[in-house]
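Here is what each chain is made of, one letter per residue.
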There are 2 protein chains.
Amino acid sequence: MDIQLKRGLLDICVLAAIKDGDSYGYKIIRDMKPYIALSESTLYTILKRLEMADMLTVRTTEHDGRLRKYYHITKKGLQRIENFKREWNEILSIYRFVTKEDAKNG
Amino acid sequence: MDIQLKRGLLDICVLAAIKDGDSYGYKIIRDMKPYIALSESTLYTILKRLEMADMLTVRTTEHDGRLRKYYHITKKGLQRIENFKREWNEILSIYRFVTKEDAKNG
DNA sequence: TCACAATACCTCGTGTTACGATGTATTCCG
DNA sequence: CGGAATACATCGTAACACGAGGTATTGTGA
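Residues numbered from 1 in each chain as written. Chains lettered and ligands numbered in written order. Predicted model: local features only at pLDDT ≥ 70, side-chain atom pairs only at ≥ 80, totals over all residues. Heavy atoms only, no water.

Asker: Quick one: what's the story with the sheet that holds strand β2 (residues 56–63) of chain A, residue by residue and with numbers?
Answerer: Residues and elements named next belong to chain A. Here 3 strands make up an open sheet; going across it, the order is β1-β3-β2 and the pairing antiparallel. Unpaired on one side and paired on the other, β1 (23–24) and β2 mark the two borders of the sheet. Judged from the 2 bridges that link them, β1 and strand β3 (residues 66–73) form a sheet pairing that is antiparallel. Looking at the pairing, tyrosine 24 lines up with tyrosine 70 of β3. (Pairing = 2+ DSSP bridges. Helix = DSSP H or I, 4+ residues; strand = E, 2+ residues; numbered from the N terminus.)

Asker: Before we move on, can you summarise the pattern of salt bridges with the specific residues and values?
Answerer: Residues and elements named next belong to chain B. Inspection of the entire model under this criterion finds 12 salt bridges over all chains. Notably, a salt bridge pairs lysine 19 with aspartate 20, separated by 4.0 Å at the nearest N-O pair. Residue classification places aspartate 20 among the partly exposed residues on the basis of a relative accessible area of 27%. Among the ionic pairs, aspartate 22 bridges to arginine 59, the shortest N-O distance being 3.1 Å. Of this pair, aspartate 22 sits in the loop between α1 (3–18) and β1 (23–24) while arginine 59 sits in strand β2 (residues 56–63), placing them 37 residues apart in sequence. What makes aspartate 22 partly exposed here is its relative accessible area of 32%. (Salt bridge = Lys/Arg side-chain N within 4 Å of Asp/Glu carboxyl O. Buried < 20%, exposed > 50% of the residue type's maximum accessible area, 1.4 Å probe, protein only.)

Here's what the structure looks like:
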(Lines give C-alpha, C1' and ligand atoms only; values in the text may rest on other atoms or scores of the structure.)
Protein backbone atom coordinates (compact mmCIF):
# COMPACT_ATOMS: atom_id res chain seq x y z
CA MET A 1 0.00 0.00 0.00
CA ASP A 2 1.00 3.61 -0.63
CA ILE A 3 3.07 4.77 2.32
CA GLN A 4 1.22 8.06 2.70
CA LEU A 5 -2.08 6.26 2.83
CA LYS A 6 -0.71 3.98 5.53
CA ARG A 7 0.21 6.92 7.73
CA GLY A 8 -3.35 7.72 8.57
CA LEU A 9 -4.35 4.14 9.22
CA LEU A 10 -1.50 2.72 11.28
CA ASP A 11 -2.34 4.35 14.62
CA ILE A 12 -5.96 3.31 14.25
CA CYS A 13 -5.01 -0.26 13.36
CA VAL A 14 -2.71 -0.61 16.35
CA LEU A 15 -5.49 0.59 18.63
CA ALA A 16 -7.90 -1.82 16.94
CA ALA A 17 -5.41 -4.66 17.46
CA ILE A 18 -5.53 -4.20 21.24
CA LYS A 19 -9.11 -3.09 21.72
CA ASP A 20 -10.50 -6.62 22.21
CA GLY A 21 -7.77 -7.69 24.61
CA ASP A 22 -4.33 -6.58 25.77
CA SER A 23 -1.51 -7.47 23.43
CA TYR A 24 2.24 -7.00 22.99
CA GLY A 25 4.48 -5.73 20.21
CA TYR A 26 5.37 -8.90 18.39
CA LYS A 27 1.82 -10.19 18.47
CA ILE A 28 0.37 -6.89 17.27
CA ILE A 29 2.57 -7.07 14.16
CA ARG A 30 1.41 -10.64 13.46
CA ASP A 31 -2.25 -9.75 13.96
CA MET A 32 -2.06 -6.71 11.71
CA LYS A 33 -0.07 -8.40 8.95
CA PRO A 34 -3.07 -9.65 6.92
CA TYR A 35 -4.45 -6.12 6.82
CA ILE A 36 -1.44 -3.84 6.89
CA ALA A 37 2.26 -4.64 7.25
CA LEU A 38 4.59 -2.63 9.45
CA SER A 39 8.13 -2.98 10.74
CA GLU A 40 9.12 -3.32 14.36
CA SER A 41 10.76 0.09 14.45
CA THR A 42 7.55 1.63 13.19
CA LEU A 43 5.40 -0.18 15.71
CA TYR A 44 7.46 0.74 18.75
CA THR A 45 7.44 4.38 17.63
CA ILE A 46 3.66 4.21 17.35
CA LEU A 47 3.21 2.48 20.70
CA LYS A 48 5.33 5.12 22.43
CA ARG A 49 3.37 7.88 20.69
CA LEU A 50 0.03 6.39 21.68
CA GLU A 51 1.23 5.95 25.25
CA MET A 52 2.33 9.61 25.41
CA ALA A 53 -1.12 10.56 24.09
CA ASP A 54 -2.79 8.50 26.88
CA MET A 55 -4.46 6.24 24.35
CA LEU A 56 -2.97 3.14 25.91
CA THR A 57 -1.24 1.99 29.07
CA VAL A 58 1.68 -0.40 29.44
CA ARG A 59 2.26 -3.30 31.79
CA THR A 60 5.59 -5.12 31.75
CA THR A 61 5.59 -8.85 32.49
CA GLU A 62 7.99 -11.73 32.14
CA HIS A 63 7.17 -14.60 29.84
CA ASP A 64 9.54 -17.59 29.51
CA GLY A 65 12.42 -15.42 30.66
CA ARG A 66 11.72 -12.84 27.99
CA LEU A 67 10.46 -9.34 28.65
CA ARG A 68 6.98 -8.67 27.40
CA LYS A 69 5.12 -5.35 27.46
CA TYR A 70 1.37 -5.66 27.35
CA TYR A 71 -0.56 -2.73 25.97
CA HIS A 72 -4.05 -1.86 27.15
CA ILE A 73 -6.36 0.57 25.36
CA THR A 74 -7.75 3.51 27.34
CA LYS A 75 -10.99 5.47 27.06
CA LYS A 76 -9.14 8.04 24.95
CA GLY A 77 -7.92 5.31 22.64
CA LEU A 78 -11.44 4.01 22.16
CA GLN A 79 -12.57 7.56 21.42
CA ARG A 80 -9.88 7.79 18.75
CA ILE A 81 -11.41 4.75 17.04
CA GLU A 82 -14.87 6.29 17.30
CA ASN A 83 -13.51 9.46 15.75
CA PHE A 84 -12.11 7.46 12.86
CA LYS A 85 -15.54 5.92 12.28
CA ARG A 86 -16.98 9.42 12.04
CA GLU A 87 -14.21 10.45 9.61
CA TRP A 88 -15.04 7.46 7.48
CA ASN A 89 -17.93 9.36 5.89
CA GLU A 90 -15.49 12.03 4.76
CA ILE A 91 -13.26 9.37 3.28
CA LEU A 92 -16.20 7.89 1.40
CA SER A 93 -17.07 11.33 0.08
CA ILE A 94 -13.47 11.73 -1.14
CA TYR A 95 -13.58 8.29 -2.72
CA ARG A 96 -16.70 9.28 -4.67
CA PHE A 97 -15.03 12.54 -5.74
CA VAL A 98 -12.01 10.61 -7.03
CA THR A 99 -13.94 7.88 -8.80
CA LYS A 100 -16.88 9.84 -10.18
CA GLU A 101 -17.12 9.96 -13.95
CA ASP A 102 -16.85 13.28 -15.77
CA ALA A 103 -20.13 15.13 -15.02
CA LYS A 104 -20.34 16.06 -18.69
CA ASN A 105 -20.55 12.39 -19.63
CA GLY A 106 -22.78 11.07 -16.93
CA MET B 1 -9.88 15.49 9.17
CA ASP B 2 -6.88 13.89 10.80
CA ILE B 3 -3.75 15.25 9.15
CA GLN B 4 -2.14 11.84 8.71
CA LEU B 5 -5.22 10.51 7.02
CA LYS B 6 -5.17 13.49 4.67
CA ARG B 7 -1.62 12.74 3.57
CA GLY B 8 -2.59 9.73 1.57
CA LEU B 9 -5.58 11.37 -0.05
CA LEU B 10 -4.34 14.81 -1.06
CA ASP B 11 -2.28 13.80 -4.10
CA ILE B 12 -5.13 11.66 -5.36
CA CYS B 13 -7.66 14.45 -4.86
CA VAL B 14 -5.54 16.98 -6.72
CA LEU B 15 -5.24 14.57 -9.64
CA ALA B 16 -8.99 13.95 -9.50
CA ALA B 17 -9.61 17.69 -9.56
CA ILE B 18 -7.87 18.06 -12.93
CA LYS B 19 -8.76 14.74 -14.51
CA ASP B 20 -11.96 16.00 -16.16
CA GLY B 21 -10.40 19.20 -17.50
CA ASP B 22 -7.30 21.33 -17.01
CA SER B 23 -7.38 23.58 -13.95
CA TYR B 24 -5.19 26.02 -12.01
CA GLY B 25 -4.10 26.37 -8.39
CA TYR B 26 -6.71 28.68 -6.99
CA LYS B 27 -9.55 26.84 -8.67
CA ILE B 28 -8.30 23.44 -7.54
CA ILE B 29 -8.47 24.61 -3.93
CA ARG B 30 -12.04 25.85 -4.40
CA ASP B 31 -13.13 22.63 -6.11
CA MET B 32 -11.59 20.42 -3.44
CA LYS B 33 -12.88 22.45 -0.48
CA PRO B 34 -16.20 20.56 -0.09
CA TYR B 35 -14.31 17.28 0.14
CA ILE B 36 -10.95 18.14 1.68
CA ALA B 37 -9.46 21.50 2.65
CA LEU B 38 -5.85 22.39 1.94
CA SER B 39 -3.73 25.54 2.11
CA GLU B 40 -2.03 27.20 -0.84
CA SER B 41 1.43 26.30 0.36
CA THR B 42 0.38 22.69 0.55
CA LEU B 43 -1.16 22.69 -2.90
CA TYR B 44 1.81 24.23 -4.68
CA THR B 45 4.11 21.74 -3.01
CA ILE B 46 1.87 18.93 -4.24
CA LEU B 47 1.61 20.32 -7.77
CA LYS B 48 5.39 20.59 -8.01
CA ARG B 49 5.76 17.06 -6.69
CA LEU B 50 3.24 15.66 -9.16
CA GLU B 51 4.92 17.52 -12.00
CA MET B 52 8.32 16.08 -11.03
CA ALA B 53 6.70 12.65 -11.03
CA ASP B 54 5.35 13.20 -14.55
CA MET B 55 1.78 12.89 -13.35
CA LEU B 56 0.83 16.28 -14.77
CA THR B 57 2.09 18.92 -17.18
CA VAL B 58 1.97 22.70 -16.82
CA ARG B 59 0.99 25.42 -19.26
CA THR B 60 1.33 29.07 -18.26
CA THR B 61 -1.21 31.56 -19.62
CA GLU B 62 -2.28 35.13 -18.87
CA HIS B 63 -5.79 35.85 -17.67
CA ASP B 64 -6.92 39.45 -16.97
CA GLY B 65 -3.32 40.53 -16.49
CA ARG B 66 -2.75 37.81 -13.90
CA LEU B 67 -0.53 34.80 -14.36
CA ARG B 68 -2.31 31.48 -14.47
CA LYS B 69 -0.75 28.04 -14.63
CA TYR B 70 -2.98 25.36 -16.03
CA TYR B 71 -2.31 21.79 -15.00
CA HIS B 72 -3.05 18.82 -17.24
CA ILE B 73 -3.13 15.21 -16.07
CA THR B 74 -0.89 12.70 -17.83
CA LYS B 75 -1.24 8.98 -18.46
CA LYS B 76 0.87 8.35 -15.38
CA GLY B 77 -1.43 10.56 -13.34
CA LEU B 78 -4.46 8.61 -14.49
CA GLN B 79 -2.66 5.39 -13.59
CA ARG B 80 -2.10 6.77 -10.09
CA ILE B 81 -5.85 7.19 -9.72
CA GLU B 82 -6.44 3.65 -11.00
CA ASN B 83 -3.92 2.38 -8.48
CA PHE B 84 -5.81 4.15 -5.70
CA LYS B 85 -9.00 2.43 -6.80
CA ARG B 86 -7.23 -0.91 -6.49
CA GLU B 87 -5.91 0.03 -3.03
CA TRP B 88 -9.44 0.89 -1.99
CA ASN B 89 -10.17 -2.77 -1.28
CA GLU B 90 -7.28 -2.85 1.17
CA ILE B 91 -8.66 0.25 2.86
CA LEU B 92 -12.07 -1.39 3.15
CA SER B 93 -10.44 -4.45 4.66
CA ILE B 94 -8.71 -2.23 7.22
CA TYR B 95 -11.98 -0.45 7.96
CA ARG B 96 -13.63 -3.78 8.71
CA PHE B 97 -10.70 -4.77 10.94
CA VAL B 98 -11.06 -1.54 12.90
CA THR B 99 -14.84 -1.61 13.21
CA LYS B 100 -15.45 -5.31 13.71
CA GLU B 101 -16.94 -6.28 17.03
CA ASP B 102 -15.02 -8.48 19.42
CA ALA B 103 -15.08 -11.99 17.89
CA LYS B 104 -15.94 -13.40 21.33
CA ASN B 105 -19.19 -11.40 21.33
CA GLY B 106 -20.28 -11.71 17.75
C1' DT C 1 -7.49 58.55 -3.86
C1' DC C 2 -6.74 55.22 -0.33
C1' DA C 3 -7.52 50.94 1.99
C1' DC C 4 -8.68 46.33 1.70
C1' DA C 5 -10.37 42.03 -0.13
C1' DA C 6 -9.89 38.72 -3.70
C1' DT C 7 -7.20 36.50 -7.20
C1' DA C 8 -2.88 34.06 -8.27
C1' DC C 9 1.50 32.74 -7.79
C1' DC C 10 5.81 31.25 -4.71
C1' DT C 11 9.49 30.08 -0.70
C1' DC C 12 11.23 28.86 3.82
C1' DG C 13 11.33 26.65 8.26
C1' DT C 14 9.32 23.39 11.37
C1' DG C 15 7.27 19.40 13.37
C1' DT C 16 5.52 14.78 12.47
C1' DT C 17 6.33 10.41 10.91
C1' DA C 18 7.54 5.45 8.59
C1' DC C 19 11.28 2.78 8.07
C1' DG C 20 15.82 0.64 7.33
C1' DA C 21 19.81 -0.39 9.88
C1' DT C 22 21.47 -1.75 13.95
C1' DG C 23 21.81 -3.40 18.70
C1' DT C 24 20.65 -6.29 23.04
C1' DA C 25 19.09 -10.56 25.12
C1' DT C 26 16.71 -14.93 25.54
C1' DT C 27 14.66 -19.49 24.02
C1' DC C 28 14.25 -23.27 20.87
C1' DC C 29 15.84 -26.57 17.43
C1' DG C 30 19.12 -29.41 15.07
C1' DC D 1 27.50 -24.63 18.86
C1' DG D 2 24.99 -21.97 15.34
C1' DG D 3 21.02 -19.88 13.67
C1' DA D 4 16.20 -18.80 13.67
C1' DA D 5 12.49 -16.94 16.31
C1' DT D 6 10.95 -14.07 20.03
C1' DA D 7 10.99 -9.45 22.09
C1' DC D 8 12.48 -5.18 23.07
C1' DA D 9 14.90 -0.50 21.72
C1' DT D 10 17.51 3.65 19.31
C1' DC D 11 19.22 6.51 15.49
C1' DG D 12 19.31 8.87 11.12
C1' DT D 13 16.90 9.98 7.00
C1' DA D 14 13.60 11.34 3.73
C1' DA D 15 8.86 12.70 2.82
C1' DC D 16 5.40 15.72 3.78
C1' DA D 17 1.51 19.40 5.41
C1' DC D 18 1.28 23.76 6.83
C1' DG D 19 1.82 28.42 8.87
C1' DA D 20 4.11 32.60 7.98
C1' DG D 21 5.58 35.48 4.87
C1' DG D 22 6.38 37.48 0.09
C1' DT D 23 5.11 39.43 -4.88
C1' DA D 24 1.75 41.37 -8.04
C1' DT D 25 -2.73 42.56 -10.09
C1' DT D 26 -7.77 43.57 -10.20
C1' DG D 27 -11.96 44.94 -8.20
C1' DT D 28 -14.80 47.49 -4.57
C1' DG D 29 -16.32 50.78 -1.35
C1' DA D 30 -15.72 55.09 1.41
